[in-house]
Amino acid sequence: MSGVGRGGMVEQSVITGRGSRKRVSAETTTISQQEDEDSGTDVGEGADDWAQSKATIRPPDQLDLTDAELKEEITRILTANNPHAPHNIVRFSFKEGTYKLIGFVNQLAVHYSHIGNLIPKDSDEGRRQHYQDELVTGSQESARLVFSDTENLEEEEEIKEGDAEAESQIDIPAAEASEKVIEEELMTPKQPKESKLTNQFNFSERASQTINNPLRDRECQMEPPPRANFSATANQWEIYDAYMEELEKQEKTKEKEKTKTPVAKKMGTMAMRKMTSLESQSDDITKVMQAAKIVERMVNQNTYDDVAQDFKYYEDAADEYRDQEGTLLPLWKFQTDKAKRLAVTALSWNPKYKDLFAVGHGSYDFMKQSRGMLLLYSMKNPSFPEYAFSSDSGIMCLDMHMDHPYLVVVGHYDGNVAVYNLKKPHSQPIFRSSAKSGKHTDPVWQVKWQKDDMDNNLNFFSVSSDGRIVSWTLVKSELVHTDVIKLKVEGSTLEGPEGLQLFTVGCGTAFDFHREIDYMFLVGTEEGKIYKCSKSYSSQFLDTYDAHNMAVDAVSWNPYHSKVFISCSSDWTVKIWDHTVKTPMFIYDLNSAVGDVAWAPYSSTVFAAVSTNGKTHVFDLSINKYEAICNQPVVAKKKNKITHVQFNPVHPIIIVGDDRGHVTCLKLSPNLRKMPKEKKGQEVQKGPAVEIAKLDKLLNLVREVKPKT
């Protein structure tokens, strides 16, 4: 600041600029002589000395800045961070077991705090307090008005007293009384009734009494459990006999252990330990097994509810607009970790329980042979198999008995056949062939249950690459085998030394038994030929068909027409035959090796085939004789091949298996299961006779008309 003192004394102002440089500016003001005279004060001689003492001294290290640098503005950002807040607070972390530095520090600094009680004006409490304040102020003002009015009245009364003394003597008591009432009314202001405040919790005191339910006693009387008294005397000889029996058992086990090799001993002890552990586990599990299965099915039905709804009710409406073509709707996918890296080698529906099917797992690769698995899945529980059996050798085929649906026969890659009983929980088969009992020397490609023999013993047939078709009979606790026929390649018989005849063995790959003619069956071979055989003749065939150029993968009789059968092969073709004619009726090329083929149970003209390019082909000869009405890829990956297909006997679904061990369930759209249309005034004819006539009509179109002689 700059200012002028009396007597012309000058003050100097100091301004601090950038770089701590002090700039001195002196402002001098001239004062008129008149002011000096009026002031009457004279400046002393020491004024100059005083002014010099006020001069600023420039420090030696002060920077010399230009005017532009001095005028430059420096911006400083003020932050809300507390400079006194600590930045190195640590806390113990129980999760990591060490002290951890806290990243966030509270920067709030409280300078003043006061606990108050503020009530909003609009609230009920605020209105009530405001009303009370108004009452207090209003009563004071009314009291003042009353006192002023009474004084005026007294003055007026004194003036009028002399004139109206006589007249007012009579009315004095009444007037005084009325004045008192008026004064009381004015002195005490009217207090309006307070409105009752409503409770914000909407609570009202209300007494109620509930009626207690009467206690009831319920009693029941049960039959006492049956009791039996048992008493016996333990004589000395009985104790001795029991001791001797136990001693003999111990000696027998010791003899067996001596004969075993050390490796076998280890294996035996391990097996015993496993058995004991499994038994202890099974005892605990069997108690809750049934309940756990039911709960698991309920959970799965909730999980896959949308799939179950599609299975039951969904019908593809787009089929009406397609030109007689259909689609396959994927439903469930069945897989388990136990069967990883094992191909699906066989599929079979249970004849009694229509939601249960068996899956055989093995490998078609000769170089990658390992274990096998027999799994049984239910559509009610797609996440886990109902039954699981493991085997040392891969399972190549299986079949379920028609009358005894709990019996499953399987054929192994090592040539053995085995029968499993689903009623028995342990994983060992109840019957198993061996080298002594005439097992096959090559893989068993197909097995089929047959009618019981004359002694009511169960029996089944098997076909193998070793050229033998064997009949197996279940007698007591062993399998009895009978060679039905040995396959020979025609025209391959050679004469060896000393007149010995040598012939090439035909490798059987598939077979199927006739539905009506019990003794007749078909056999497909690796050479591509199909032989019509009889159980009665073991040395020769009834007929031979030059069917395919490569191995026959499947052969199957039509479920309705007794003359028609179908075959498929790795030469990309599917052929339909009349067994009375040596040439095929229909030939279809699917552009890839055909792994399996199956007839539909609901129509004589519908069949499905699966190829190694991952596609499923569904044909209906009554709609289209030349090509499939559905060609749909089922497997996503190109390397994945479909191996087998089966129709459900009741529901409009099929199951397909691939070489990754997955089984996919697919629903047929309405176009793939068309039934004959209803005509006005005519009932739709159904039954086997209609299906036979439908297929006969097609065959008559194809059959060559024989020339008249």
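For the structure itself, look to the data block above.
Please read all numbers here as calculations on a predicted model, not as lab measurements. (Residues numbered from 1 in each chain as written. Predicted model: local features only at pLDDT ≥ 70, side-chain atom pairs only at ≥ 80, totals over all residues. Heavy atoms only, no water.)

**Overview of the overall build of the protein**
- Summing up its helical and strand segments, the protein has nine helices and 34 strands in all.
- Counting over 709 residues, the protein shows a buried share of 33%.
- Counting only contacts in the protein whose residues sit at least 6 apart along the sequence, the fraction spanning at least 24 positions is 47%.
- Accessible surface for the protein amounts to roughly 50400 Å². Of this, 52% is attributable to carbon and sulfur atoms. (Helix = DSSP H or I, 4+ residues; strand = E, 2+ residues; numbered from the N terminus. Buried < 20%, exposed > 50% of the residue type's maximum accessible area, 1.4 Å probe, protein only. Contact = heavy atoms within 4.5 Å. Areas by Shrake-Rupley, 256 points an atom, 1.4 Å probe, with all protein chains shown as cover.)

**Some thoughts on helix α9 (residues 688–702)**
- Between its terminal C-alpha atoms α9 stretches 22 Å, which fits the 21 Å expected from 15 residues at 1.5 Å a residue.
- E691, L695, L698 and L699 are the residues of α9 that are buried. Summarising the axial view, the buried residues of α9 lie within an arc of 100 degrees, below the 170-degree limit, and thus occupy one face. Away from its buried face by more than 90 degrees, α9 exposes A689, K697, N700 and L701. (Expected span 1.5 Å × (residues − 1). Arc of directions from axis to C-beta.)

**Quick look at the pattern of salt bridges**
- Here the structure, examined in full by the defined rule, presents 11 salt bridges.
- Across the pair R468 and D466 runs a salt bridge whose closest N-O atoms are separated by 3.6 Å. Of the two residues, R468 and D466, neither departs from the other in class, the shared state being buried.
- We note a salt bridge from D543 to K582, for which the minimum N-O separation is 3.3 Å. Here K582 lies in the loop between β26 (573–578) and β27 (586–589) and D543 lies in strand β23 (residues 543–546), a separation of 39 residues in the sequence.
- For D543, a relative accessible area of 17% gives the class buried.
- On the basis of relative accessibility, which here comes to 52%, the residue K582 falls in the exposed class.
- Here the residues in one salt-bridge network are K293, R297 and E386, joined through shared partners. (Salt bridge = Lys/Arg side-chain N within 4 Å of Asp/Glu carboxyl O.)

**Quick look at the sheet that holds strand β16 (residues 468–475)**
- Strand order in the open sheet made by the four strands is β14-β15-β16-β17, with antiparallel pairing throughout. Two strands bound the open sheet, and with one partner strand each, they are β14 (444–450) and β17 (478–486). Each neighbouring strand pair of the sheet contributes to a mean axis angle of 25 degrees, computed without reference to strand direction. (Pairing = 2+ DSSP bridges. Axes fitted to C-alpha atoms, helices over the stretch in contact; angles between N-to-C directions.)

**What to know about the pairing of strand β33 (residues 653–658)**
- Here β33 lies mainly inside the structure; six of its six residues are buried.
- What you see with β33 is no split at all: I653, I655 and G657 on one side and I654, V656 and D658 on the other are buried throughout.
- Where strand β32 (residues 642–647) meets β33, five bridges bridge the pair, whose relative direction is antiparallel. Along β33, the bridge assignment pairs I642 with D658.
- Connecting the antiparallel pair β32 and β33 is a turn made up of five residues.
- Of the pairings in the sheet, the one linking β33 to strand β34 (residues 663–668) comprises five bridges and is antiparallel in character. Among the inter-strand pairings, V656 is bridged to a residue of β34, identified as T664.
- Counted along the chain from β33 to the antiparallel partner β34, the turn is four residues long, and its residue G661 has a positive phi close to 90 degrees.

**Things to note about the sheet that holds strand β6 (residues 343–349)**
- Spatial strand order, β6-β7-β8-β9: four strands in an open sheet with antiparallel pairing. Taken across any chain shown, the strands that pair with only one partner, and hence form the sheet edges, are β6 and β9 (387–391). Ignoring which end each strand starts from, the neighbouring axes of this sheet average 15 degrees apart.
- Looking at chain direction, strand β7 (residues 356–362) and strand β8 (residues 372–378) are connected through six bridges and run antiparallel. When the bridges of β8 are listed, V359 appears paired with L375.

**With respect to the nonpolar core**
- Counting residues in hydrophobic clusters, the biggest one holds 21 residues, and the most contacted among them are V574, I576, F586, Y588, V597, F607 and L621.
- Taken together, the elements giving at least two residues each to this core come down to β25 (564–569), β26, β27, β28 (594–599), β29 (606–611) and α9.
- Beyond its immediate stretch of four places on either side in the chain, F586 contacts V574, K575, I576, L621, K625, L698, L699 and V702. (Core = buried A, V, L, I, M, F, W, Y, C linked by side-chain atoms within 4.5 Å.)

**Points about the environment of S464**
- Position of S464 relative to the elements: it lies in strand β15 (residues 459–464).
- For the pair S464 and P443, spaced 21 residues apart in sequence, the C-alpha to C-alpha distance is 5.7 Å.
- The contacts of S464, once residues within four sequence positions are left out, are H440, D442, P443, V444, W445, C507 and G508.

**A word on the packing of aromatic side chains**
- This model, assessed by the stated rule, comprises 24 aromatic pairs.
- Judged by centre distance (5.0 Å) and plane angle (40 degrees), the ring pair of F389 and Y420 falls under tilted. Remark: Y420 occurs in strand β12 (residues 417–421) and F389 occurs in strand β9; sequence separation between them is 31 residues.
- Here Y420 falls in the buried class, since its relative accessible area comes to 1%.
- Between W557 and F565 the ring centres are 5.5 Å apart and the planes differ by 65 degrees, which places this aromatic pair in the edge-to-face class. (Phe/Tyr/Trp six-rings, centres within 6.5 Å; stacked < 30°, edge-to-face > 60°.)

**Observations concerning unusual backbone geometry**
- At W572, a residue that is not glycine, the phi angle is positive and equals roughly 80 degrees.
- Its place among the elements puts W572 in the loop between β25 and β26.
- With a phi angle near 60 degrees, N591 is a residue other than glycine that sits in the positive phi range.
- Tracing the backbone through its elements, the reader meets N591 in the loop between β27 and β28.
- What makes N591 exposed here is its relative accessible area of 56%.

**Concerning the pairing of strand β24 (residues 552–557)**
- With five of six residues buried, β24 lies mostly within the body of the structure.
- In this structure, β24 lies alongside β25, joined through five bridges in antiparallel fashion. In the strand pairing of β25, A554 is matched with C568.
- The antiparallel pairing of β24 with β25 creates a hairpin that spans six residues between the two strands.

**Some details on the side chain of T525**
- Turning to its location among the elements, T525 is positioned in strand β21 (residues 520–525).
- T525 gets classed as buried once you look at its relative accessible area, which sits at 0%.
- A polar atom in the side chain of T525 sits 2.9 Å from the backbone oxygen of K529. (Polar contact = N/O pair within 3.5 Å; in protein donor to acceptor, adjacent residues only side chain to side chain.)

**Some words on a nonpolar patch on the surface**
- Where nonpolar side chains cluster on the molecular surface, the patch consists of V90, F92, F94, Y99 and L101 and spans about 620 Å² of accessible area.
- Note that F94 resides in the loop between β3 (90–93) and β4 (98–101).
- Judged by relative accessible area, F94 falls into the exposed class, the value being 74%. (Patch = residues over 30% accessible without salt bridge, like charges linked within 9 Å, V, L, I, M, F, W, Y side chains within 5 Å.)

**Examining the environment of V618**
- Here V618 shows up in strand β30 (residues 615–620).
- V618 sits in the buried class, given a relative accessible area of 1%.
- Taking the C-alpha atoms as reference points, V618 and F607, 11 residues apart in sequence, are found 6.0 Å from one another.
- Those residues in contact with V618 that lie beyond four places of it in its chain are L328, V606, F607, A608, A628, I629, C630 and L672.

By themselves, these are just geometric observations and shouldn't be taken as functional.
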